[in-house]
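Overview (structure and organization)
Chain by chain, the residues:
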Amino acid sequence: MTAPGTRAEAPAEDSDDLDVEEALALVREAKDDRAGQVPAPAPEAHGERHKATPWAQARETAARAARARPRRAPVAVPLGDALGLVLAAPLDALTDLPSFDTSAMDGWAVAGPGPWGVRDEGVLAGQAQPEPLTDGEAVRIATGARIPADTTAVLRSEHGRTDTQGRLHATREIVHGQDIRPRGQECRSGDQLLPVGTRITPAVLGLAAAAGYDTVTVVPRPRAEVLVLGDELLAEGLPRDGLIRDALGPMLPPWLQALGAEVVKVRRIGDDAKALHKAVTGSDADLIVTTGGTAGGPVDHVHPILERIGAELLVDGVKVRPGHPMLLARTKDAQHLVGLPGNPLAAVSGLLTLAEPLLRTLAAHPAPEPYTLPLSEAVQGHPYDTRLIPVVLRGDRAVPLHYNGPAMLRGIAAADALAVVPPGGARQGEEAELLDLPWATAGIEVCFT
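- The protein carries the name Molybdopterin molybdenumtransferase in an unreviewed UniProt entry, which gives Streptomyces incarnatus as its organism.
- As recorded by UniProt, the Sequence similarities (unreviewed entry) comment attached to the protein reads in full: "Belongs to the MoeA family."
- In its Function (unreviewed entry) section, the UniProt record describing the protein reads: "Catalyzes the insertion of molybdate into adenylated molybdopterin with the concomitant release of AMP."

See the structure below:
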């Protein structure tokens, strides 16, 4: 169930509230801190924690699941639709670049030594082959225009002057071939410009267009479908009468798109087991993402439906806060389901823990290089689970943000990244691994601390 708050019957999976043993563990942790020791994680207390997957292992399981599915056939897409995709075939030059000798500057194409007589009509970019020059002759030429045959050099506009008889003189020495881009200077037809696996950036699109491509062969974008669960959700207006606004319906599709997916459908299912079963079994998406319904409450239908359809449960709970009750299942040979917790920040944790590695691998994107920054202040840890804390980046420090409870979005909305805090917490100045957010922009002066 998608909510800034969960139902009373839902157990503590979607909550960061600590039970008695956890509280005692934190007291022990505080004593360890005072003694200058690294606190040891508390022992597991509940059966669910034994089956829950460690956070790093869960991320690797998601990536491995994507690698194990049947390989998808490459597709040809127009350049305008290719941004962010990955080349599935080498980008080979279809022509010489440039494909003819061109002027690198505005000025005059000249032949032989000066001074030169100047033709009446100039040469512009896009014109057919101009008439050859003869020694002692010059012609006005624009940047990118074809060089006339027998041209010695291009004299820049600022390096030439004409006398009263209209003859052109150079104001500084010129050398043979000056300011001429010769045919094939950048590449020859058939040269490999970029290899398989290259991520398509705006610059890659420009290069492909210059090399003569209208389409490129790419790894297809993974297709994702979002199923929003919960009868208590409003699609618009203010919360009222025990109903709350759906935060995940608006948030998940663009977030999944930022992770490289094509979101083909968003459905509001409510707490209807029959409708959820029909939606899951009828989907042909590569990834189904559900919101809420992954705990053990009376209207939490995700587990029973996965069992009913014979899905293979790959991850059933993760040792991470927020987001503990997330899950990953293989529903078909070429389809997976990621079940997100209903609380918004817990759902973000599930996205970055399970959906991001799976989608990244399906799209053939390389894994980001891990990096760390020291924390500007101490962060309280969970006794035995990893914590993901929203942070902003300020110079060479990561500043933890408040409003980081599982039902809160205020912190993540201002964040540049999530800090990975190990069990037991992290001290001020301690290096923390960071997970960048897709839209992260450094230097925004917003800090709710």
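**Points about the overall build of the protein**
- Along the backbone of the protein there are nine helices and 28 strands.
- Within the protein, buried positions represent 49% of all 449 residues.
- Once local pairs closer than 6 in sequence are excluded, the contacts in the protein between residues at least 24 apart make up 72%.
- Carbon together with sulfur atoms contributes 52% to the accessible area of the protein, which is approximately 21,000 Å² in total.

**Describing the packing of aromatic side chains**
- Counting across every chain of the model gives zero aromatic pairs.
- One cation-aromatic arrangement involves R146 over F100; the distance from NZ or CZ to the ring centre is 4.7 Å.
- A cation over a ring is seen here: R410 above Y403, with NZ or CZ 4.0 Å from the ring centre.

**Here we look at helix α6 (residues 273–282)**
- By the burial criterion, the buried members of α6 are L276, H277, A279 and V280. The arc enclosing the buried residues of α6, seen along the axis, measures out at 165 degrees, which places them on a common side. In α6, the exposed positions angled more than 90 degrees off the buried face are occupied by K274, K278 and G282.
- Here α6 starts with a cap whose side-chain oxygen sits 3.1 Å from the backbone nitrogen of K274, and that cap is D272.

**Digging into helix α8 (residues 344–362)**
- In a regular helix each residue adds 1.5 Å, so 19 residues correspond to 27 Å; α8 covers 25 Å between its end C-alpha atoms and thus fits that length.
- Maximum bend of α8: about 40 degrees, positioned at A355, with proline P357 one to four residues after it.
- A364 sits one or two residues past α8 and shows a positive phi near 65 degrees.

**Concerning the nonpolar core**
- The biggest cluster of nonpolar side chains holds 46 residues, and the ones touching the most others in it are W255 and L256.
- The residues touching L256, leaving out its near neighbours within four places in the chain, are A224, V226, A261, V263, V289, L351 and L359.

**So, the sheet that holds strand β20 (residues 312–316)**
- One open sheet holds the six strands; their spatial order is β18-β15-β19-β23-β22-β20, and the pairing between them is mixed. One side of each edge strand has no neighbouring strand; the edge strands of this open sheet are β18 (262–268) and β20. Taking the axes of each pair of neighbouring strands and ignoring which way they run, one obtains an average angle of 20 degrees across the sheet.
- When strand β15 (residues 223–228) meets strand β19 (residues 287–291), the two strands line up parallel, connected through five bridges. For V228, the partnering residue across the bridge sits in β19 and is T291.
- On top of the sheet, α6 reaches β15, β18, β19, β22 (327–332) and β23 (335–340); it is set at about 180 degrees to β15, its chief contact.

**Some points on the pattern of salt bridges**
- One pass over the structure, following the stated rule, counts 15 salt bridges.
- The partner of D96 in a salt bridge is R188, with the nearest N and O atoms 3.0 Å apart. Taken as a pair, D96 in the loop between β4 (91–92) and β5 (102–103) and R188 in the loop between β12 (180–181) and β13 (192–194) lie far apart in primary sequence, 92 residues in all.
- Judged by relative accessible area, which is 9%, D96 ranks as buried.
- In this structure, R223 engages D284 in a salt bridge whose closest nitrogen and oxygen atoms are separated by 3.4 Å. Here D284 lies in the loop between α6 and β19 and R223 lies in strand β15, a separation of 61 residues in the sequence.
- On the basis of relative accessibility, which here comes to 27%, the residue R223 falls in the partly exposed class.
- Of the residues examined, D284 reaches a relative accessible area of 57% and is grouped as exposed.
- Through salt bridges with shared partners, a single ionic network connects R59, E356 and R360.

Cut-offs and rules
Residues numbered from 1 in each chain as written. Predicted model: local features only at pLDDT ≥ 70, side-chain atom pairs only at ≥ 80, totals over all residues. Heavy atoms only, no water. UniProt positions renumbered as here; feature names shortened; annotations may be inferred. Helix = DSSP H or I, 4+ residues; strand = E, 2+ residues; numbered from the N terminus. Buried < 20%, exposed > 50% of the residue type's maximum accessible area, 1.4 Å probe, protein only. Contact = heavy atoms within 4.5 Å. Areas by Shrake-Rupley, 256 points an atom, 1.4 Å probe, with all protein chains shown as cover. Phe/Tyr/Trp six-rings, centres within 6.5 Å; stacked < 30°, edge-to-face > 60°. Lys NZ or Arg CZ within 6 Å of the ring centre and 35° of its normal. Arc of directions from axis to C-beta. Polar contact = N/O pair within 3.5 Å; in protein donor to acceptor, adjacent residues only side chain to side chain. Expected span 1.5 Å × (residues − 1). Bend = angle between axes of the 7 residues up to and from the residue. Core = buried A, V, L, I, M, F, W, Y, C linked by side-chain atoms within 4.5 Å. Pairing = 2+ DSSP bridges. Axes fitted to C-alpha atoms, helices over the stretch in contact; angles between N-to-C directions. Salt bridge = Lys/Arg side-chain N within 4 Å of Asp/Glu carboxyl O.

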